[in-house]
Amino acid sequence: MSEKSKKQKVSIVEKMGLFMVCAGNIPLMGLLSGFFMIYYTNVVGLEPAALATLFLISKVVDGISDPIMGYFLDKFPVTKMGKFRPMIILGTIICVINYILLWFGAVWIPVGKYVIVYVTYLLLDIMDISKNSLLPVMSADDKERNSLSLFNALGTMIGSAVLAVAAPILVAEGTLQNYYVLIFGSMAMVLVLSIAGALCVKERVAFEGKKEESYTFRELLQFLRYKPVWALFLVALVVGVGSNIAGGAGAYFYTYILGDMTLMSGVSLVSMI
């Protein structure tokens, strides 16, 4: 890491760019945790047991795919735009297409709908790692990184707040048309915020790793030998499954117990304030 990198400061435009990237990432998983289950059981008509199995499998796959995605990201060449910005832009486009197929593929192509849902759900992890890797390469200065962390957190918080308030209102009637508005509108926001944000930021911290520090795919898989890795994996699995249950149950609770999903918006707004 060069001295020049340590002295470089990050402009407010770049910080807002990071803010947009983080805010643009929220709808991808936020909508899944809150409305995916009730949409597919009530609107599309899939079996709840099949979806619950999908959630469990996805958490297991996440634990395996994240290190693998990290490996391929490490091997991605450093371009004129940097290493992570191109992956964010490319990943955003791929994720948006896959996301639309996840929500509506089973409606458009009923034959093999379970296969469509399973495959598209398990392919949602391409964008998150490159987004999380962006902050450390924007600056080597500790104060700048602290400031960037603030914009990162604000983007996540405000993106979550907007989604939590708007989504229940949009899908309160529970019709397919309502979900078209929610999903296509959200994906338009993801495209604009993520791509515009990635174009605003700069990667300043150079990659100066030595050749002997490189690792092979076989060496990557050797991490499975270590018990702490398995312990962390099991903890993440339990937490992930619990979060999915809690998130999915909320929509059912407001719909069937309280009888009005729009109340979910008000409760979310008050709790965030």
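Residues numbered from 1 in each chain as written. Predicted model: local features only at pLDDT ≥ 70, side-chain atom pairs only at ≥ 80, totals over all residues. Heavy atoms only, no water.

Turning our attention to the overall build of the protein chain. When helices and strands are counted, the protein chain shows twelve helices and zero strands. Each helix (α) and strand (β) of the protein chain, taken in turn from the N terminus, gives the series α-α-α-α-α-α-α-α-α-α-α-α. Burial statistics for the protein chain: of 273 residues in total, 41% are counted as buried. Pairs at least 24 residues apart make up 82% of the contacts formed inside the protein chain by residues separated by at least 6 positions. Total accessible area on the protein chain stands at roughly 14,400 Å², and carbon and sulfur atoms take up 70% of it. (Helix = DSSP H or I, 4+ residues; strand = E, 2+ residues; numbered from the N terminus. Buried < 20%, exposed > 50% of the residue type's maximum accessible area, 1.4 Å probe, protein only. Contact = heavy atoms within 4.5 Å. Areas by Shrake-Rupley, 256 points an atom, 1.4 Å probe, with all protein chains shown as cover.)

Our focus in this paragraph is the packing of helix α8 (residues 142-170) against helix α9 (residues 176-200). For any two helices packed against each other, the geometry comes down to the angle between their axes and how far apart the axes lie. At a minimum axis distance of 9 Å, the contact between α8 and α9 shows a crossing angle of 150°. The angle between α8 and α9 places the two elements in the roughly antiparallel class. Contact with α8, carried on its side by Leu163, Ala167 and Leu170, involves Asn178, Val181, Leu182 and Ser186 of α9 and no other residues of that element. In the contact of α8 with α9, the residues fall into five nonpolar, two polar and no charged. (Axes fitted to C-alpha atoms, helices over the stretch in contact; angles between N-to-C directions. Parallel < 35°, antiparallel > 145°, perpendicular 65-115°, else oblique. Nonpolar A, V, L, I, M, F, W, Y, C, P; charged D, E, K, R; others polar.)

The next thing to look at is the environment of serine 268. Looking at the element boundaries, serine 268 is found in helix α12 (residues 262-272). Accessibility expressed as a relative area gives 16% for serine 268, which makes it buried. In terms of polar contacts, serine 268 uses its side chain to reach the backbone carbonyl oxygen of methionine 264, at 2.8 Å. (Polar contact = N/O pair within 3.5 Å; in protein donor to acceptor, adjacent residues only side chain to side chain.)

Let us now look at the nonpolar core. Phe35, Phe36, Tyr99 and Trp103 are the most contacted members of the largest nonpolar core, which has 38 residues in total. Secondary structure elements with two or more residues in this core: α2 (12-44), α3 (48-75), α4 (84-108), α5 (113-122), α8, α9 and α11 (227-257). Of the residues forming this core, the biggest block, eleven residues, is contributed by α2. (Core = buried A, V, L, I, M, F, W, Y, C linked by side-chain atoms within 4.5 Å.)

As a further point, take α2. With 33 residues, α2 extends 44 Å between its outermost C-alpha atoms, agreeing within 8% with the 48 Å of an ideal straight helix rising 1.5 Å per residue. A large share of α2 lies buried, amounting to 24 of its 33 residues. After α2 finishes, the residue glycine 45 shows a positive phi value of roughly 90°. (Expected span 1.5 Å × (residues − 1).)

A word on the pattern of salt bridges. Summed over all chains, the structure comprises three salt bridges. Of the charged contacts, one joins arginine 204 and glutamate 14 as a salt bridge, the two residues approaching to 2.5 Å between their closest N and O atoms. Separated by 190 residues along the polypeptide, arginine 204 in the loop between α9 and α10 (217-221) and glutamate 14 in helix α2 bring together distant segments of the chain. The burial state of arginine 204 is the same as that of glutamate 14; both residues are buried. With a closest N to O distance of 3.6 Å, lysine 15 and glutamate 144 form a salt bridge. (Salt bridge = Lys/Arg side-chain N within 4 Å of Asp/Glu carboxyl O.)

Contact pair α2 / α9: the axes reach a minimum separation of 8 Å and the direction vectors enclose 160°. The angle between α2 and α9 falls in the class roughly antiparallel. Here the hand of the crossing between α2 and α9 comes out left-handed. By residue class, the composition of the contact of α2 with α9 is 22 nonpolar, six polar and one charged. (Left-handed = near helix turned anticlockwise from the far one by under 90°.)

Take a nonpolar patch on the surface next. On the surface, a nonpolar cluster with roughly 840 Å² of combined accessible area is contributed by Ile93, Ile97, Leu101, Trp108, Ile109, Val111, Phe184, Leu191 and Val192. For the nonpolar patch, the elements supplying multiple residues, two or more each, are α4 and α9. Looking at where isoleucine 97 falls in the secondary structure, it is placed in helix α4. (Patch = residues over 30% accessible without salt bridge, like charges linked within 9 Å, V, L, I, M, F, W, Y side chains within 5 Å.)

The next subject is the side chain of glutamate 14. Since its relative accessible area comes to 3%, glutamate 14 is described here as buried. Apart from the residues within four sequence positions on either side, glutamate 14 is in contact with Met138, Cys200, Val201, Lys202 and Arg204.

Moving on, we get to the side chain of serine 186. Its place among the elements puts serine 186 in helix α9. Overall, serine 186 belongs to the buried group, its relative accessible area being 8%. A distance of 2.7 Å separates a polar side-chain atom of serine 186 from the backbone oxygen of leucine 182. Residues within four places of serine 186 in sequence aside, it is in contact with Pro27, Leu31 and Leu163.

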